[in-house]
Amino acid sequence: MWTADEPRRRRLFVRQTRGGIELTDRQRQRLSIAMPESGCHGSDCIGLALEQLDELSRAGLRLRPRALATTMFARLVLSDLFLHGIGGGKYDQLTDVILRRFFAVEPPEFMVLTATTHLPIAMPSVTADDLRATELRLRRLEWNPEQCLPADAPEAARRLAADKRAWLERDLSGGQRRERHAAIQQINADLRAFVERQRSEAAAERQRVAAELRRRTLLASREFSFCLFPEESLCKLLLELSMKGA
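> I keep staring at the packing of aromatic side chains and nothing clicks. Help me out?
Geometrically, a pair of aromatic rings is defined through the distance of the ring centres and the angle of the planes. Counted according to the given criterion, the structure contains one aromatic pair. Aromatic side chains Phe-102 and Phe-103 sit 5.0 Å apart centroid to centroid with 85° between the ring planes, which places their arrangement in the edge-to-face category. Residue classification places Phe-102 among the exposed positions, given a relative accessible area of 64%. Judged by relative accessible area, Phe-103 falls into the partly exposed class, the value being 39%. The lysine or arginine in question, Arg-26, covers the ring of Phe-13, its NZ or CZ lying 4.0 Å from the ring centre. Positioned above the aromatic ring of Trp-167 is the side chain of Arg-170, whose terminal nitrogen or guanidinium carbon lies 4.2 Å from the ring centre.

Structure representation (C-alpha cells):
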C-alpha cells in the first residue's frame, strides 16, 4: 500500500475488527472499512467494501497485490500454462506449497524459460582486455619510463636510463637499499619528462576505453524492458525458442 502523501510502498496488513476491516502498514497508515454491526452477507458485504475502497482510492490510497498473490491468481484463474523466468520460477516453488496447503489443490504446472537478447544497437568493440592493456601501458610509463623512450631520445635520457640500470644491478646491503630506492624514484621522475607526451596520450586512451567499455556493458545488459525491442526481433526469437522446445 501507499498514498499520494506517502509514496513509498509498504507492506499491507489486514485484520477483522468489531466494526469492520482494518488496513494498515503498521507505521503511519491505519484505515478502516466499516461494516454494519448487524452483519451482512455475500454480495452486500462486497458491494459495501468496494464503495469504501473506491472512496479511499479517490483520496489517494493505492492497494496492489504482491508478486506471489498475483501469480497465484494468474495460474489458478487466467492461464493454462504460466511462463516464468528463472527468478519467478524459484518463487513459484513456494506458490506451489501455498496452493497445496491453503487451497488443497494440486498446483497447475508452470514453465521456466530464459533467453538473452540484446538491443539492436551498435556497441563499441572494446573489451576488458583492452582496458587492462591501457592500464599496463600507463603503469609502465609511470614506473619504467626508460623502456618507453623514443629511438631518438636525447643523451640525458639515455644517461638516466643507464644510471637506473646500474642501481638495479648492484648487490647492496640492507642499509644501502633505502638509498637505491630514493635514487630510482628520482630517476623515474626525471625520465617521465621525456615520455610526457606518451603518458598524456595513454591517459586519454585509458579514459576513452573505460568510457566505451562502460557503454558496452550498459548496452549489453539483458535487463532492458521488452517494449524497447523491435517487435519483429522478439517474434523471431520466440519462434526460434518454440522450435527448440518442440
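Let us keep going from here.
> What should I look at first to understand helix H4 (residues 128-143) in this one?
Compared with an ideal rise of 1.5 Å per residue, which puts 16 residues at 22 Å, H4 spans 22 Å between its outermost C-alpha atoms and is within 8% of the ideal. By the burial criterion, the buried members of H4 are Leu-131, Thr-134 and Leu-141. Buried residues in H4, looked at end-on, bunch into an arc of 90°, giving them a common side. For H4, the exposed residues lying more than 90 degrees away from the buried face are Leu-136 and Arg-139.

> Help me understand the nonpolar core in this model?
A general feature of soluble globular proteins is that nonpolar side chains tend to end up buried together. Leu-141, Leu-149, Ala-157, Trp-167, Ile-187, Leu-191 and Val-195 are the most contacted members of the largest nonpolar core, which has 15 residues in total. Breaking this core down by element, the ones donating at least two residues are helix H5 (155-169) and helix H6 (174-192). Residues contacting Trp-167, with those up to four places away along its chain left out, are Leu-172, Glu-179, Arg-180, Ala-183, Ile-184 and Ile-187. In this structure, Met-1, Leu-31, Ala-49 and Leu-56 belong to the second largest nonpolar core, which totals eight residues.

> Help me understand the pattern of salt bridges in this model?
Per the counting criterion, the structure on display carries 18 salt bridges. With a shortest N-O distance of 3.7 Å, Glu-142 and Arg-192 are connected by a salt bridge. Linking Glu-142 in helix H4 with Arg-192 in helix H6, this pair joins segments that are 50 residues apart in sequence. Look at Glu-142 and you get partly exposed, because its relative accessible area is 24%. By relative accessible area, Arg-192 is classed as buried at 14%. Put simply, Glu-201 and Arg-197 hold a salt bridge, and the shortest N to O gap is 2.9 Å. With Glu-201 and Arg-197 both in helix H7 (residues 196-219), this residue pair falls four residues apart, about one helical turn. Assessed through its relative accessible area of 45%, Glu-201 is described here as partly exposed. Its relative accessible area of 59% is what places Arg-197 among the exposed residues. Members of the salt-bridge network, linked through shared partners, are Glu-142, Arg-192, Glu-196 and Arg-199.

So, how was this worked out
Residues numbered from 1 in each chain as written. Predicted model: local features only at pLDDT ≥ 70, side-chain atom pairs only at ≥ 80, totals over all residues. Heavy atoms only, no water. Phe/Tyr/Trp six-rings, centres within 6.5 Å; stacked < 30°, edge-to-face > 60°. Buried < 20%, exposed > 50% of the residue type's maximum accessible area, 1.4 Å probe, protein only. Lys NZ or Arg CZ within 6 Å of the ring centre and 35° of its normal. Helix = DSSP H or I, 4+ residues; strand = E, 2+ residues; numbered from the N terminus. Expected span 1.5 Å × (residues − 1). Arc of directions from axis to C-beta. Core = buried A, V, L, I, M, F, W, Y, C linked by side-chain atoms within 4.5 Å. Contact = heavy atoms within 4.5 Å. Salt bridge = Lys/Arg side-chain N within 4 Å of Asp/Glu carboxyl O.

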